Amino acid sequence: MAEHTIPDPAVHITDVRELAHDLVVIPNRRVQLVPNIGVVGGRDAVLVVETGMGPGNAEKVLEFAAGYARGRRLFLTTTHFHPEHAFGAQVFAGEATFLVNRAQAEDLKVKGPGYLDMFRGLGESVARRLEGVALAQPDVVYDESYDLDLGGRVVQLRATGRAHSGGDQVVRVPDADVLFTGDLVEAGQFAIFPWFPPYDTDVSGTRWLSVMRRLAAEGAGIVVPGHGEVGGPQLLADVRDYLRLLRDETWLRRDSAAGEETIAAEISALMIERHPDWDGQEWIEKGVGCLCAEHPA
């Protein structure tokens, strides 16, 4: 990816949107490698969801969260270990309790250094944001589910199992009917498949589809995607339907013994025709590669 195509992945504390009482989102403004960041409050504590990429971004997020908390205790969680979501957690050390699911903690420890090196190679603007990153160790690690009581509001942290990454989790605020999905869901963008064999093959199209079927069935009034505009339950259905079509079209061609390059070209054309306004067209080919590898021979 050419460096000039990547704008500075800076978090800006502007246009903060209130989704419900004591629950706001710092929007990513559709800037590449900037996540939507959540701040969820209860009577006694406040939970921050995502850090932004690198210490500089995380410092801005922490400053905002501390002001928002007004003396309430701070917690931090991240939806998965990828750099724009979690590589600022070090800034929260001593200021917030950092908690994630066990698979994500393992990803951060084992795969984090490699991703730090890989992202530094994406261009000067990204490398600059990653200066001084030290991968943080979580204070609290849970296995499959954790209910965080903020005081009068319980937030549900749920590990989904392998999908977009090996350690995805979603964050649900039941009383506000809000769901933070991380990169399991994007708005106005093709699903991001970090399929980089032989270095990283943790993403699973079939497991991701299974997760999205479950999330779509459970629903949510407000869905905060990893990137893109906050939306409603249709976002969950859109990703489910895209992944299902991607799988079906890939496997149909694989059954006919078509080569992966041919399959990728045909499916890219099909998907772009169906979703001409979606960003991230380069991820279609990665998804095809992943699903070819998962084809039941």
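Predicted model, so just to flag it, every value in this text is computed and none were measured.

1. A look at the overall build of the protein chain
- Helices and strands together make up the secondary structure of the protein chain, namely nine helices and 12 strands.
- For a compact globule of 297 residues, the expected C-alpha radius of gyration is about 19 Å, and the protein chain comes in at 19 Å, within 12% of that figure.
- Charged side chains in the protein chain number 28 positive and 44 negative. The centres of these two groups are separated by 3 Å.

2. Topic: the nonpolar core
- Counting 38 residues, the largest nonpolar core has Phe87, Phe92 and Leu130 as its most contacted members.
- Of all the secondary-structure elements, those providing two or more residues to this core are strand E2 (23-26), strand E3 (37-41), strand E4 (45-49), helix H1 (54-69), strand E5 (73-77), strand E6 (97-101), helix H3 (102-110) and helix H4 (112-120).
- At six residues, H1 tops the list of elements feeding residues into this core.
- With sequence-adjacent residues up to four places away left out, Leu130 is seen in contact with Met53, Pro83, Phe87, Leu116, Phe119 and Arg120.
- Ala163, Leu243, Trp251 and Cys290 belong to the second largest nonpolar core, which has 37 residues in total.

3. Description of the sheet that holds strand E11 (residues 178-186)
- In spatial order, the strands read E8-E9-E10-E11-E12; together these five strands make up an open sheet with mixed pairing. Only two strands of the sheet have a single neighbouring strand rather than two, namely strand E8 (145-149) and strand E12 (222-227). Across the sheet, the mean angle from the axis of one strand to that of its neighbour is 25°, orientation sign disregarded.
- Together, strand E10 (169-173) and E11 form the strand contacts of helix H6 (residues 205-218), whose direction differs from that of E11 by roughly 155°.

4. Focus on the environment of Val224
- The topology assignment puts Val224 in strand E12.
- Along the chain, Val224 and Gly38 lie 186 residues apart, while their C-alpha atoms are 8.4 Å from each other.
- Ignoring sequence-local partners within four residues, the contact set of Val224 consists of Leu19, Val25, Asn36, Val178, Leu179, Phe180, Thr181, Gly182 and Val230.

5. Some points on the pairing of E5
- Buried residues dominate E5, accounting for four of its five residues.
- Where E4 and E5 come together, five bridges link them in parallel fashion. Bridging from a neighbouring strand, Val48 pairs with Leu76 of E5.
- Examined bridge by bridge, E5 and E6 share two bridges and lie parallel to one another.

6. Describing the pairing of E4
- Burial runs high along E4: five of the five residues are buried.
- Neither face of E4 is open: one carries Ala45, Leu47 and Val49, the other Val46 and Val48, and all of them are buried.
- Inspection of the sheet shows E3 paired to E4 by four bridges, in the antiparallel sense. In the sheet register, Gly38 faces E4, and the bridge partner there is Val49.

7. Focus on the pattern of salt bridges
- All told, the structure shown has 17 salt bridges when counted by the stated rule.
- Arg72 serves as the salt-bridge partner of Asp22, at 2.7 Å between the closest nitrogen and oxygen. Taken together, the residues span a long stretch of sequence, with Asp22 in the loop between strand E1 (17-20) and E2 and Arg72 in the loop between H1 and E5 at a distance of 50 residues. For the pair shown, Asp22 and Arg72 are each scored as buried.
- Between Arg30 and Asp279 there is a salt bridge whose closest N-O contact spans 3.1 Å. With Arg30 in the loop between E2 and E3 and Asp279 in the loop between helix H8 (260-274) and helix H9 (282-293), the pair connects residues that are 249 residues apart, well separated along the chain.
- Overall, the relative accessible area of 38% leaves Asp279 in the partly exposed class.
- Salt bridges sharing partners connect three or more residues here, namely Lys111, Asp200 and Asp202.

8. Observations regarding the sheet that holds strand E7 (residues 140-142)
- The strand order across the open sheet built from seven strands is E1-E2-E3-E4-E5-E6-E7, with neighbouring strands paired in mixed fashion. Each of the sheet's edge strands pairs with one partner strand only, and the pair in question is E1 and E7. Taking each pair of neighbouring strands and ignoring which way they run, the sheet shows an average axis angle of 25°.
- Helix-sheet contacts for H3 involve E6 and E7, and the interaxial angle to E6 is about 105°.

What counts, and where the lines are drawn
- Residues numbered from 1 in each chain as written.
- Predicted model: local features only at pLDDT ≥ 70, side-chain atom pairs only at ≥ 80, totals over all residues.
- Heavy atoms only, no water.
- Helix = DSSP H or I, 4+ residues; strand = E, 2+ residues; numbered from the N terminus.
- Rg over C-alpha atoms; globule rule 2.2 N^0.38 Å.
- Lys, Arg positive; Asp, Glu negative; His and termini not counted.
- Charge placed at Lys NZ, Arg CZ, Asp CG, Glu CD.
- Core = buried A, V, L, I, M, F, W, Y, C linked by side-chain atoms within 4.5 Å.
- Buried < 20%, exposed > 50% of the residue type's maximum accessible area, 1.4 Å probe, protein only.
- Contact = heavy atoms within 4.5 Å.
- Pairing = 2+ DSSP bridges.
- Axes fitted to C-alpha atoms, helices over the stretch in contact; angles between N-to-C directions.
- Salt bridge = Lys/Arg side-chain N within 4 Å of Asp/Glu carboxyl O.

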